[in-house]
Amino acid sequence: MVFEIDRHSVTEGDIVELTWQCNGAEQVNLTLDNGYRTTDIPLDISGVKRFRLHRSKGRTKLTIAATMEGKVYRKTLRVRVKKMPVMRAETVDSRGRRQGKLKQWWQQQLTKWHNFRNRQRYLLRALPERKQIAVKMLLILGIAGLLGIIWPGLYRLGILALVIYLSVILIKK
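In this report, we go over the structure that sits alongside the text. No experiment lies behind these values; they were computed from the predicted model shown. (Residues numbered from 1 in each chain as written. Predicted model: local features only at pLDDT ≥ 70, side-chain atom pairs only at ≥ 80, totals over all residues. Heavy atoms only, no water.)

Some remarks on the overall build of the chain
If you tally the helices and strands in the chain, you get 3 helices and 8 strands. Sequence-ordered secondary structure for the chain, helices as α and strands as β, is β-β-β-β-β-β-β-β-α-α-α. For 173 residues, the compact-globule estimate of 2.2 N^0.38 gives 16 Å, and the chain exceeds it by more than 25% at 29 Å. Across its three principal axes, the chain shows a C-alpha extent of roughly 85 × 50 × 30 Å. Counting the 173 residues in the chain, one finds 23% classified as buried. Taking the contacts inside the chain whose residues are at least 6 apart along the sequence as the reference set, 52% of them involve residues at least 24 apart. (Helix = DSSP H or I, 4+ residues; strand = E, 2+ residues; numbered from the N terminus. Rg over C-alpha atoms; globule rule 2.2 N^0.38 Å. Buried < 20%, exposed > 50% of the residue type's maximum accessible area, 1.4 Å probe, protein only. Contact = heavy atoms within 4.5 Å.)

Listed below in C-alpha cells is the structure:
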C-alpha cells in the first residue's frame, strides 16, 4: 500500500496533495480528522486528490483504510496545520488620517457592546413568547431593585413601570 502526501506542514487554507495506490483492494476509504470533526471519504483503488486544510487543532490526521480479502489495512499521515497569521489594520478617519489610541479603544468598546446587545436580542427572540415576557419582567424588577438600593423612591417607579408593561401586554391581547 502506497500513501504519500506532498507536505507535512502547512498554513491554514493551504492545499495538500495525497497520492495513494492500494493494488488488490476491494474498498478504500480516507478519514480526515482535524481535531474538531472526522470525515470519511470513499476513494478509488489508486489516485491523487487535493485537499484544502482549513480549521485544525494544530494537527490533521489523514488515515487510509484498504480492505483486502476481509482484512483492513491502515496507514496514517499527520499534517501540522499552523494558524493563519492575523492581519492588523489601522483605523482611519474619512480623510485617511490614523485615529488616536483613545478613539480606537472607544470604537472597540462600542463594537463589543453592539455585539453583546445583538446576541442578547437574538437569544430573547429565540425564546417562546411567555418566556420573553418573564425575562422582561425580571429585568424591570432587577433594575427597580438596584435603583431602590440607591434611591428608595425609584423602587416605586420601577414597580409602576412593571405594572404599565403588563397592562400594555394585556391590552394587546
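Structural notes on helix α3 (residues 152-172)
With 21 residues, α3 should cover 30 Å at 1.5 Å per step; its first-to-last C-alpha distance of 31 Å lies within 8% of that length. Buried within α3 we find L154, G158, L162, Y165 and I169. Along the axis of α3, the buried positions cluster into a sector of 95 degrees, meaning they face one direction only. When the buried face of α3 is taken as reference, the exposed residues oriented beyond 90 degrees from it are P152, R156, L157, L170 and I171. Each element contacted by the buried residues of α3 is listed here: α2 (129-150). (Expected span 1.5 Å × (residues − 1). Arc of directions from axis to C-beta.)

Some thoughts on a positive patch on the surface
A cluster of basic residues, R59, K61, R78, R80 and K82, forms a positive patch at the surface. Of all elements in the fold, only β7 (59-68) and β8 (71-82) reach the threshold of two or more residues within the positive patch. No other element matches β8, which puts 3 residues into the positive patch. By secondary structure assignment, the location of R80 is in strand β8. Residue R80 is classed as partly exposed on the basis of its relative accessible area, which comes to 42%. (Patch = residues over 30% accessible without salt bridge, like charges linked within 9 Å, V, L, I, M, F, W, Y side chains within 5 Å. Areas by Shrake-Rupley, 256 points an atom, 1.4 Å probe, with all protein chains shown as cover. Salt bridge = Lys/Arg side-chain N within 4 Å of Asp/Glu carboxyl O. Lys, Arg positive; Asp, Glu negative; His and termini not counted. Charge placed at Lys NZ, Arg CZ, Asp CG, Glu CD.)

Quick look at the sheet that holds strand β5 (residues 38-43)
Judged by pairing direction, the sheet is mixed, and its 5 strands sit side by side in the order β2-β8-β7-β4-β5 without closing on themselves. On the outer flanks of this sheet lie β2 (9-11) and β5, each paired with one strand and no other. Neighbour-to-neighbour, the strand axes of the sheet open up by a mean angle of 25 degrees, direction not taken into account. Note that β2 and β8 share 3 bridges and pair parallel. When the bridges of β8 are listed, S9 appears paired with R80. (Pairing = 2+ DSSP bridges. Axes fitted to C-alpha atoms, helices over the stretch in contact; angles between N-to-C directions.)

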